[in-house]
Amino acid sequence: GAGVSQSPSNKVTEKGKDVELRCDPISGHTALYWYRQSLGQGLEFLIYFQGNSAPDKSGLPSDRFSAERTGGSVSTLTIQRTQQEDSAVYLCASTLYGGPGGNEQFFGPGTRLTVL
Amino acid sequence: QQQVKQSPQSLIVQKGGISIINCAYENTAFDYFPWYQQFPGKGPALLIAIRPDVSEKKEGRFTISFNKSAKQFSLHIMDSQPGDSATYFCAASMLYNQGGKLIFGQGTELSVKP
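A few words now on the overall build of chain A. Looking only at helices and strands, one finds 0 helices and 10 strands in chain A. Starting at the N terminus and walking to the C terminus, you meet the elements of chain A as β-β-β-β-β-β-β-β-β-β. Its C-alpha radius of gyration of 14 Å places chain A within 12% of the 13 Å reference for a compact globule of 116 residues. Taken across its 116 residues, chain A has 50% of its residues classed as buried. Sequence separation of 24 or more characterises 55% of the internal contacts of chain A that already satisfy a separation of 6 or more. By element, 46% of the accessible surface of chain A is carried by carbon and sulfur atoms, the whole surface being about 5,500 Å². Distance between charge centroids for chain A: 4 Å, based on 10 positive and 11 negative side chains.

Have a look at this one:
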């Protein structure tokens, strides 16, 4: 595809349930990022993957959050035992890290998560 | 030290006017300062970006002014149009360190009145 895609676009779940959010980055992009945008808030960094390096998990808010990137492409963000404060838009971005574009991050449309 | 502070939270400008959004940062290791534009229901899109070796960068109606000593940068939108109505985020990162992860400001909701 031409851009970063995310699925689902909307997810409503009940408190305590686990959810999986998917990101398909731009083909060939080596770096992938997850951010969270809470209502009325800026974007908050969650986790970053670059090639085969260990991911930077420094932004994950709790151990209920985890992410993986399979085959250097698709990434899944998993939230276990969801809480109401997890309600937010989860955004994925990718970039050709170290490329001539100055590491411009291209964002997907996001997944809006609502925890009831 | 990782914070980026953005103001104002919201801004109303008449068509044809100048919109100005300001940001301040603490970490002097930041070396990349992009501005992102976000429309409702969409992901942010890069508008314009600057490195600290220049004090100003202009692309069309959009200009970034950068003051390294004050650790501040601002976005100027000249001849603002209703189509510019969106949320604008400033950000900062270490381009080739810490994975280039972006630290965002809180956002400014711009409304341009016809």
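Moving on, there is more to tell.
Turning next to the pattern of salt bridges. Within the structure shown, the criterion is met by 7 salt bridges over all chains. When the shortest N-O distance is used, the salt bridge between Asp56 of chain A and Lys101 of chain B registers 3.4 Å. Of this pair, Asp56 of chain A sits in the loop between strand S5 (43-50) and strand S6 (65-69) while Lys101 of chain B sits in the loop between strand S9 (86-92) and strand S10 (103-104), which puts the two residues in different chains. Given a relative accessible area of 19%, Asp56 of chain A falls into the buried group. Its relative accessible area of 11% is what places Lys101 of chain B among the buried residues.

Attention shifts here to the nonpolar core. Counting residues in hydrophobic clusters, the biggest one holds 26 residues, and the most contacted among them are Val4, Phe30, Phe33, Trp35, Phe73, Leu75 and Tyr88 of chain B. In terms of residues, this core owes the most to one element, S9 of chain B, which gives 4 residues. Apart from residues no more than four positions distant in its own chain, Val4 of chain B is found in contact with Cys23, Ala24, Tyr25, Phe30, Cys90, Ala92, Ile103, Phe104 and Gly105 of chain B. Membership of the second largest hydrophobic core comes to 20 residues, among which are Phe49, Leu60, Leu77 and Ile79 of chain A.

All names here are of chain A. The antiparallel open sheet is built from 4 strands, whose spatial order is S1-S3-S7-S6. Only two strands of the sheet have a single neighbouring strand rather than two, namely strand S1 (5-7) and S6. The sheet shows a mean angle of 15° between the axes of neighbouring strands, taken without regard to direction. Looking at chain direction, strand S3 (residues 19-24) and strand S7 (residues 75-79) are connected through 5 bridges and run antiparallel. Paired with Leu21 across the two strands is Leu77, which belongs to S7.

Rules and cut-offs
- Position numbers for residues count from 1 along each chain, tracking the sequence in the order it is written.
- Here every chain gets a letter starting at A, and every ligand a number starting at 1, in the order they are written.
- For this predicted model, a pLDDT threshold of at least 70 governs which residues receive local features, and a threshold of 80 or more governs which side-chain atom pairs are given and counted, while totals over whole chains, interfaces and linings are taken from all residues.
- By convention in this description, side-chain values take in all heavy atoms of the structure and omit both hydrogens and water.
- In this text, helices come from DSSP runs of H or I with a minimum length of four residues, and strands from runs of E with a minimum of two, each type numbered from the N-terminal end.
- Atoms counted for the radius of gyration: C-alpha only. Globule rule: 2.2 Å times residue count to the power 0.38.
- Between buried and exposed lies partly exposed: a residue is buried under 20% and exposed over 50% of the maximum accessible area for its type, with that area taken using a 1.4 Å probe on protein chains only.
- We call two residues in contact whenever any of their non-hydrogen atoms come within 4.5 Å of each other.
- Accessibility throughout is a Shrake-Rupley quantity obtained with a 1.4 Å probe, and a residue counts as covered only by protein chains that appear here.
- Here the positive residues are Lys and Arg and the negative ones are Asp and Glu; neither His nor the chain ends is included.
- Positions of charges follow a simple convention, taking NZ of Lys, CZ of Arg, CG of Asp or CD of Glu.
- What counts as a salt bridge is simple: a side-chain nitrogen of Lys or Arg found within 4 Å of a carboxyl oxygen of Asp or Glu.
- Buried Ala, Val, Leu, Ile, Met, Phe, Trp, Tyr and Cys residues that are joined via side-chain atoms within 4.5 Å together make up what is termed a nonpolar core.
- Note: two strands are recorded as paired if DSSP finds a minimum of 2 bridges between them.
- The angle between two axes is taken between their N-to-C directions and runs from 0 to 180 degrees, where each axis is a line fitted to C-alpha atoms and a helix contributes only its stretch in contact.

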